[in-house]
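Inside the fold
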Amino acid sequence: MRELPNEFAAARGLAVCHVCGLASPVSAGQCPRCRAGIHLRNRESLQRTWAFTIASVLLYFPANLLPILRVESIAGPQSSTIISGVIQFWHEEDYPVAIIIFVASVMIPILKIIAIVCLCLAAGAGWRPRGMTRLYRVTEFVGRWSMVDVFVVAILVGVVQLGSTISIHPGAGAVSFAAVVVLTMFAAMSFDPRLIWDAAAARAQPAHQD
Amino acid sequence: MAEDVAFDPAQPRPIVRPARRLSPIWIIPIVAALLGAWLAWQYYAARGPAITVSFETADGIVAGKTPVMCRSVTVGTVENVGLTGDLKGVVVTMQMTNEATRLLTNDTQIWVVRPRYGAGGISGLSTLVSGSYIELAPGASQAPRRDFVGLEQPPVTPGGVPGLRVTLFTDEAGGIAPGTAITYKGLSAGRIETRVFHPDNGKVEFGAFISAEYAPLVRANTKFWNVSGLDVQVGANGLQLRTGTLESLLMGGITFGQPSGAGSGPPAADGATFALYGSLEETTKFSMRSSVPYLLLFTGGVRGLSDGAPVEFRGVRIGTVNGVSFRYLSNDPERRVPVLIQVDPSFITNLPSENTEAAENFVADAVRNGMRASLKTGNLLTGQLYVDLDFQKDAPPATVAELEGYRLIPTTSGGLGELQDKATALLDKLAGLPLDETVRNASATLESVKAMTENLSKTAAGFSEDSPVYRQLSATLRELDETLRSVRALADTLEQKPNSLIFGKGKSTPTPTPVPGRRGRRE
């Protein structure tokens with residue numbers, strides 16, 4: 001493919017409709033079948049990805065610093081952040097639970113953000129298209145699993161409401177954390193992987209012509 | 001058609017338009033940044049100042065968990081618990097909420113609420129389940145403060161409760177401790193809050209709180225006394241047993257009242273100082289403050305006069321003997337005995353006892369009018385003396401003189417006192433005589449005399465004229481008389497005619513008998 005860049009559909013002025021998948025001329029402006037707008041690449045893909053990524057980075061701090069859960073029991077109120085929960089489980093020697101929470105709630109969001117940043121940079125520079133493609137697929141797949149924490153909080157808040165004995169309330173951290181996860185998913189979705197190959201092709205072409 | 005278009009090399013290549021313009025998607029990171037900033041602001045705005053409180057022990061305080069409460073509203077959380085630099089206590093750092101800033105003033109009281117059993121009853125039971133928490137009682141001051149010294153015991157009365165705070169001092173704590181109830185006519189009127197011992201003057205000082213309702217009853221001349229426990233008195237009326245409430249029986253109690261007869265003085269000010277008497281009786285006997293000292297110089301001995309002996313004016317107590325020692329006046333050439341007395345103004349006037357002038361004038365007037373001090377025996381059995389002040393009829397004019405910083409009340413020569421001493425000595429001697437034995441012996445002697453007299457009279461009765469013995473005796477005597485007469489005749493005959501014993505009686509023999517019966521009767 002790299003040797004035959006002219007055989008790209010784009011080289012022929014064709015683009016695939018994002019909605020129904022019909023390949024049609026870009027110059028037509030909209031899909032002749034479903035009337036959706038057609039573009040060669042996702043619109044403003046990199047800008048959108050960067051914007052979502054930066055937003056998620058900004059919210060990552062309150063997500064980890066603010067309490068995600070507030071437990072009010074007879075023994076007094078107690079609020080805990082994600083990290084304090086991990087530390088507590090670790091001290092109670094529930095190592096598997098601590099590791100799961102740490103991986104799902106701390107590591108994965110960070111790695112996802114790093115991965116998206118890498119993809120954005122690669123789309124500009126055209127690094128190793130094959131590896132970057134795999135990274136993209138993993139990123140998109142893993143996104144939804146980061147919501148484990150949010151689900152746990154939602155279930156606890158709904159179930160554990162025993163009045164003055166014990167009751168659980170979500171903290172500001174939970175909202176921030178959910179926002180981080182959603183924003184990283186948006187970022188991964190708005191990223192157009194074809195940019196990687198475009199950049200790779202653009203980098204390879206001058207070398208080929210020379 | 002599409003294929004034609006697709007494969008027509010003449011068709012222009014699609015315009016690849018790099019999106020140079022700013023996408024509206026950037027609103028999302030801006031919103032996120034605003035959201036994050038708002039959350040951070042909210043978090044830090046709710047944080048008030050951090051304060052440090054030192055305690056003796058951090059028992060029950062958990063860093064990051066123990067709440068700080070004010071009237072059961074959480075106003076902060078313990079952030080850190082550490083030892084003080086000298087390792088003699090703990091320093092608890094608390095992160096207060098923003099709204100608690102106003103509570104942190106100079107006289108704010110902070111203590112740890114734990115389950116406690118004390119004078120005020122059982123408290124802090126809820127902390128058995130919830131764990132200890134730190135209670136904060138705001139003060140009235142406005143000056144902000146961040147470093148506090150925590151109370152080890154909760155304050156007896158919460159700060160801000162209206163009432164009167166007075167100081168009581170006494171020589172002996174006598175079981176009175178913070179929390180001891182102060183009652184008025186059996187009703188709870190306040191509590192003892194603090195107890196401090198002053199080593200310099202040996203007094204125990206109590207901080208007392210009187211609730212606002214009873215505060216007007218505390219006057220400048222009010223007396224406080226201890227009603228702790230049992231009061232047993234054995235007197236002429238028999239055995240008297242007096243107790244206060246059960247609480248005062250167990251934990252001691254204090255009550256107060258006006259001295260009988262005295263009117264109500266001006267209301268006591270906040271922080272006024274009062275003496276705490278050991279009992280109701282003591283309030284009339286001792287005064288502990290602003291008495292007026294006078295020196296008395298006695299020429300005679302003062303044996304039997306001890307410290308604390310009463311000083312009476314015409315039989316009414318007005319003071320106390322404070323000391324008998326030559327050190328008050330060591331250079332007196334006459335070696336009179338100095339006796340220091342304290343005259344208590346509160347026994348003389350109704351004014352507050354700080355005002356001694358009235359009492360001084362009273363004494364000065366009395367001395368001008370002939371008042372003299374003398375020693376009198378208060379108790380004949382123990383020989384205890386007291387100082388009596390009374391007007392002497394023929395007293396020379398005198399005034400209250402000053403001598404070496406002491407005011408002198410002139411004394412009488414002690415004639416009455418000496419007389420009494422002599423009388424006492426006489427009585428002592430009388431008491432020393434073996435009267436009992438003497439009387440016993442005398443009565444025994446009288447008994448025997450009586451017995452003898454009876455015997456005599458019985459004997460005499462046996463010899464009366466009517467008795468047969470008497471008649472027999474007189475008959476016998478008559479016979480004896482006749483016999484003797486005949487014997488004399490015989491003797492006369494024999495004298496004149498000794499031979500008649502052989503030759504018989506002759507004729508014409510005269511018989512002269514000068515006193516014939518006397519010899520016989522003498523028999």
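Going by the structure above, here's the rest.
Report on the accompanying structure. No experiment lies behind these values; they were computed from the predicted model shown.

Things to note about the overall build of chain A
- Each helix and strand in chain A was counted, giving seven helices and five strands.
- Burial analysis of chain A (210 residues in total) assigns 42% to the buried set.
- By sequence separation, contacts in chain A at least 24 residues apart represent 63% of the contacts at least 6 residues apart.
- Here chain A has roughly 11400 Å² of accessible surface; of this, 67% comes from carbon and sulfur atoms.

Looking at the overall build of chain B
- Helix and strand content of chain B: 11 helices and 26 strands.
- Expressed as a percentage of its 523 residues, the buried residues of chain B come to 32%.
- At a minimum sequence separation of 6, the contacts of chain B that also span at least 24 residues come to 64%.
- Here chain B displays about 32400 Å² of accessible surface, and carbon together with sulfur accounts for 57% of that area.

Regarding the environment of Ile 110 of chain B
All names here are of chain B.
- Here Ile 110 is to be found in strand 5 (residues 109-113).
- When the C-alpha atoms of Ile 110 and Cys 70 are compared, they prove to be 9.6 Å apart, with 40 residues separating the residues in sequence.
- Among residues more than four places away in sequence, those in contact with Ile 110 are Ile 51, Val 53, Phe 55, Met 94, Ile 134, Glu 135, Leu 136, Phe 148, Gly 150 and Leu 151.

Description of the pairing of strand 8 (residues 133-137) of chain B
All names here are of chain B.
- Of all five residues that make up strand 8, five are buried, and the element is covered over most of its length.
- Side chains Tyr 133, Glu 135 and Ala 137 project from strand 8 onto one buried face, and the interleaved Ile 134 and Leu 136 project onto a second face that is buried too.
- Two elements, strand 2 (residues 67-70) and strand 8, share two bridges in a ladder whose sense is parallel. Residue pairing across strands places Met 69 opposite Glu 135, the latter belonging to strand 8.

Overview of the nonpolar core
- Ranked by size, the top nonpolar core spans 39 residues in total, and within it Ile 68, Ile 82, Leu 119, Val 153, Phe 177 and Phe 191 of chain A carry the most contacts.
- Taken together, the elements giving at least two residues each to this core come down to helix 1 (45-65), helix 2 (82-91), helix 3 (95-125), helix 4 (129-142), helix 5 (148-159), helix 6 (172-190) and helix 7 (194-209) of chain A.
- The residues contacting Ile 68 of chain A, other than those within four sequence positions of it, are Ser 80, Thr 81, Ile 82, Asp 149, Val 153, Pro 170, Gly 171, Gly 173 and Ala 174 of chain A.
- Counting residues in each nonpolar core, the second largest holds 26 residues, with Leu 296, Ala 359, Val 367 and Leu 385 of chain B among its members.

Some words on the sheet that holds strand 12 (residues 187-198) of chain B
All names here are of chain B.
- Strand order in the closed barrel formed by seven strands is 10-13-12-11-17-14-18, with mixed pairing between adjacent strands. Going from strand to strand, the sheet's axes swing by 35 degrees on average, the running direction of each strand aside.
- Where strand 14 (residues 223-226) and strand 18 (residues 273-277) come together, two bridges link them in parallel fashion. Paired with Trp 225 across the bridge in strand 18 is Tyr 277.

A look at the pairing of strand 22 (residues 337-343) of chain B
All names here are of chain B.
- For strand 22, the tally of buried residues reaches seven of seven residues, placing the bulk of the element in the interior.
- Alternating residues of strand 22 divide into Val 337, Val 339, Ile 341 and Val 343 and Pro 338, Leu 340 and Gln 342, and every residue in both groups is buried.
- When strand 19 (residues 292-298) meets strand 22, the two strands line up antiparallel, connected through seven bridges. What sits directly across from Leu 297, in strand 22, is Pro 338.
- In this sheet, strand 22 lies alongside strand 21 (residues 316-324) in antiparallel orientation, the contact comprising five bridges. The partner of Val 324 across the bridge, within strand 22, is Val 339.

Thoughts on the environment of Val 292 of chain B
- Relative to the elements of secondary structure, Val 292 of chain B occurs in strand 19.
- For Val 292 of chain B and Pro 345 of chain B, which are 53 residues apart along the polypeptide, the C-alpha to C-alpha distance reads 7.3 Å.

Observations concerning the packing of helix 1 of chain A against helix 6 of chain A
Residue and element names in this part refer to chain A.
- Between helix 1 and helix 6, the least distance of the axes is 8 Å, while the angle of their chain directions is 160 degrees. Here helix 1 lies roughly antiparallel to helix 6, going by the angle between them. Of the two elements, helix 1 crosses helix 6, and the hand of that crossing is left-handed. Here Ser 45, Arg 48, Thr 49, Phe 52, Thr 53, Ala 55, Ser 56, Leu 59, Tyr 60, Pro 62 and Ala 63 of helix 1 lie close against helix 6, whose contacting residues are Gly 173, Ser 176, Phe 177, Ala 179, Val 180, Leu 183, Thr 184, Phe 186, Ala 187 and Ser 190.
- Residue composition of the contact of helix 1 with helix 6, grouped by class: 12 nonpolar, eight polar and one charged.

Some remarks on the state of the cysteines
Residues and elements named next belong to chain A.
- One pass over the full model with this rule turns up zero disulfides over all chains.
- Looking at Cys 31, it has no disulfide partner, and the nearest cysteine sulfur is the one in Cys 20, 3.5 Å off.
- No disulfide involves Cys 120; its sulfur sits 9.4 Å from that of Cys 118, the nearest cysteine.
- A residue is classified by how much of its surface remains accessible, and Cys 120, at 4% relative accessible area, is buried.

Focus: the packing of helix 3 of chain A against helix 4 of chain A
Residue and element names in this part refer to chain A.
- In contact at an axis separation of 10 Å, helix 3 and helix 4 are set at 145 degrees when each is read in the N-to-C sense. Between helix 3 and helix 4 lies a crossing of left-handed hand. Counted together, Ile 108, Lys 112, Ala 115, Ile 116, Cys 118, Leu 119 and Ala 122 of helix 3 and Met 132, Leu 135, Tyr 136, Thr 139 and Val 142 of helix 4 form the full contact between these two elements.
- Of the residues assigned to the contact of helix 3 with helix 4, the class counts are 10 nonpolar, one polar and one charged.

Focus on the pattern of salt bridges
Residues and elements named next belong to chain B.
- Within the structure shown, the criterion is met by nine salt bridges over all chains.
- When the shortest N-O distance is used, the salt bridge between Asp 390 and Arg 314 registers 3.1 Å. In this pair, Asp 390 sits in strand 24 (residues 385-391) while Arg 314 sits in the loop between strand 20 (310-313) and strand 21, placing the two residues 76 residues apart along the sequence.
- Taking the relative accessible area as the measure of exposure, Asp 390 reaches 22% and is therefore partly exposed.
- The class for Arg 314 is exposed, based on a relative accessible area of 52%.
- Between Asp 388 and Lys 376 there is a salt bridge whose closest N-O contact spans 3.0 Å. On the criterion of sequence distance, the pair formed by Asp 388 in strand 24 and Lys 376 in strand 23 (residues 371-377) is long-range, its members being 12 residues apart.
- The class for Asp 388 is buried, based on a relative accessible area of 4%.

What counts, and at which threshold
Residues numbered from 1 in each chain as written. Chains lettered and ligands numbered in written order. Predicted model: local features only at pLDDT ≥ 70, side-chain atom pairs only at ≥ 80, totals over all residues. Heavy atoms only, no water. Helix = DSSP H or I, 4+ residues; strand = E, 2+ residues; numbered from the N terminus. Buried < 20%, exposed > 50% of the residue type's maximum accessible area, 1.4 Å probe, protein only. Contact = heavy atoms within 4.5 Å. Areas by Shrake-Rupley, 256 points an atom, 1.4 Å probe, with all protein chains shown as cover. Pairing = 2+ DSSP bridges. Core = buried A, V, L, I, M, F, W, Y, C linked by side-chain atoms within 4.5 Å. Axes fitted to C-alpha atoms, helices over the stretch in contact; angles between N-to-C directions. Parallel < 35°, antiparallel > 145°, perpendicular 65-115°, else oblique. Left-handed = near helix turned anticlockwise from the far one by under 90°. Nonpolar A, V, L, I, M, F, W, Y, C, P; charged D, E, K, R; others polar. Disulfide = S-S within 2.5 Å. Salt bridge = Lys/Arg side-chain N within 4 Å of Asp/Glu carboxyl O.

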